[in-house]
Amino acid sequence: MDLQQLRYVVEVATASSFTRAAERCFVTQSALSHQIAALERELGQRLFVRSSRSVRTTEAGDAFLIHAKMAVMAADDAREAAAAASGRVVGTLRLGVIPTASAVSVPRVISRFREAHPDARVELSVGNSDTLADAVRRGDLDVALLGLREEAVPRGVSSRELGRERLVVAMPPTHRLSGRTRVRLADLADEVFADFPAGTSGRAQGDAAFAASGISRDVAFEADSSEMLLGLVSEGLAVALLAPGVIAASATDAIAVDLADGPVRVQYVAWDDRAPRSVATAFLRVLDSVTGFRGDETGPEESSGPVSSER
């Protein structure tokens, strides 16, 4: 067996797909399948169970995958260490971002990073803050951009505040309150809301704000993306609490009205500083140059529980 075969196994297990793994490895699917089949013959064990709809690891595959990941990571670390000795940054930065990140332009930061370090790659994942923070703690992500309730901080990771903003009310231009420059939570007591699904971090901010004010609300529509929420708002079906930048960037005709007593969202960059990879350190330097950061970072909190976060 060779290192490339181990890398293929890791990618297939991660993507649960030979097609997506081949795309990530920049090879044809037939070439990747051939190499894994050759490895399985050498081992005398099936590593994957293949079907027309999915791919999953066998018991032998689960056992093999643990050591394959360790071998691939060790090889990548060795390559990065050798490059660092000559001042180069190589490897793949695994970056996680919430879909409503607005404190920085993510495409601009990635572009600056690639300009400064052309030998490095970036893999971008989108998710909610709880999921991304967990991935950083596990070492599956190098850096994550999070959005949390004002009372919360990232747990178990090092972090740095990027910015904060008060959520606003997204409503259709024909709404009865659309002519107001500012409203309060009490003004929305009889409204129908669109929000992220119950139990998700994206939902927590609005729920906490209304609960603290002693006001109940009707969340009739749940969606996992701000685009869908704004689409429902634009059609006059509901209102929603979102970051102002999300509404401004939307292609819908939803408008934003300030919410005087609305919740505040704090955006952070988070990383694991126990053994940061060179690509992560380099990315943080680029991020600092874009944001003009001059403050101090926050060390990891003891708790590794949920961050009570916002998308």
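Coordinates for the structure precede this section.
Residues numbered from 1 in each chain as written. Predicted model: local features only at pLDDT ≥ 70, side-chain atom pairs only at ≥ 80, totals over all residues. Heavy atoms only, no water.

A.B. asks: Summarise unusual backbone geometry; cite the residues concerned and give the values.
C.D. replies: A positive phi is found at Ser16, a non-glycine position, where the angle reads about 55°. Looking at the secondary structure, you find Ser16 in the loop between α1 (3–15) and α2 (18–25). The backbone of Phe26 shows a phi angle near 60°, a positive value even though the residue is not glycine. In this fold, Phe26 is placed in the loop between α2 and α3 (29–43). Here Phe26 falls in the exposed class, since its relative accessible area comes to 63%. (Helix = DSSP H or I, 4+ residues; strand = E, 2+ residues; numbered from the N terminus. Buried < 20%, exposed > 50% of the residue type's maximum accessible area, 1.4 Å probe, protein only.)

A.B. asks: So, the sheet that holds strand β11 (residues 240–242): which residues are in play, and what are the values?
C.D. replies: Strand order in the open sheet formed by four strands is β8-β12-β7-β11, with mixed pairing between adjacent strands. Two strands bound the open sheet, and with one partner strand each, they are β8 (182–183) and β11. Where β8 and strand β12 (residues 255–259) come together, two bridges link them in parallel fashion. Of the residues in β12, the one forming a bridge with Arg182 is Asp258. (Pairing = 2+ DSSP bridges.)

A.B. asks: Outline the packing of α1 against α3, listing residues and values.
C.D. replies: Where α1 contacts α3, the two axes come as close as 9 Å, and the packing angle between them is 110°. Taken as axis vectors, α1 and α3 run roughly perpendicular relative to one another. Residues Gln5, Tyr8, Val9 and Val12 of α1 pack against Leu32, Gln35, Ile36, Ala38 and Leu39 of α3. A class-by-class count of the residues in the contact of α1 with α3 yields seven nonpolar, two polar and no charged. (Axes fitted to C-alpha atoms, helices over the stretch in contact; angles between N-to-C directions. Parallel < 35°, antiparallel > 145°, perpendicular 65-115°, else oblique. Contact = heavy atoms within 4.5 Å. Nonpolar A, V, L, I, M, F, W, Y, C, P; charged D, E, K, R; others polar.)

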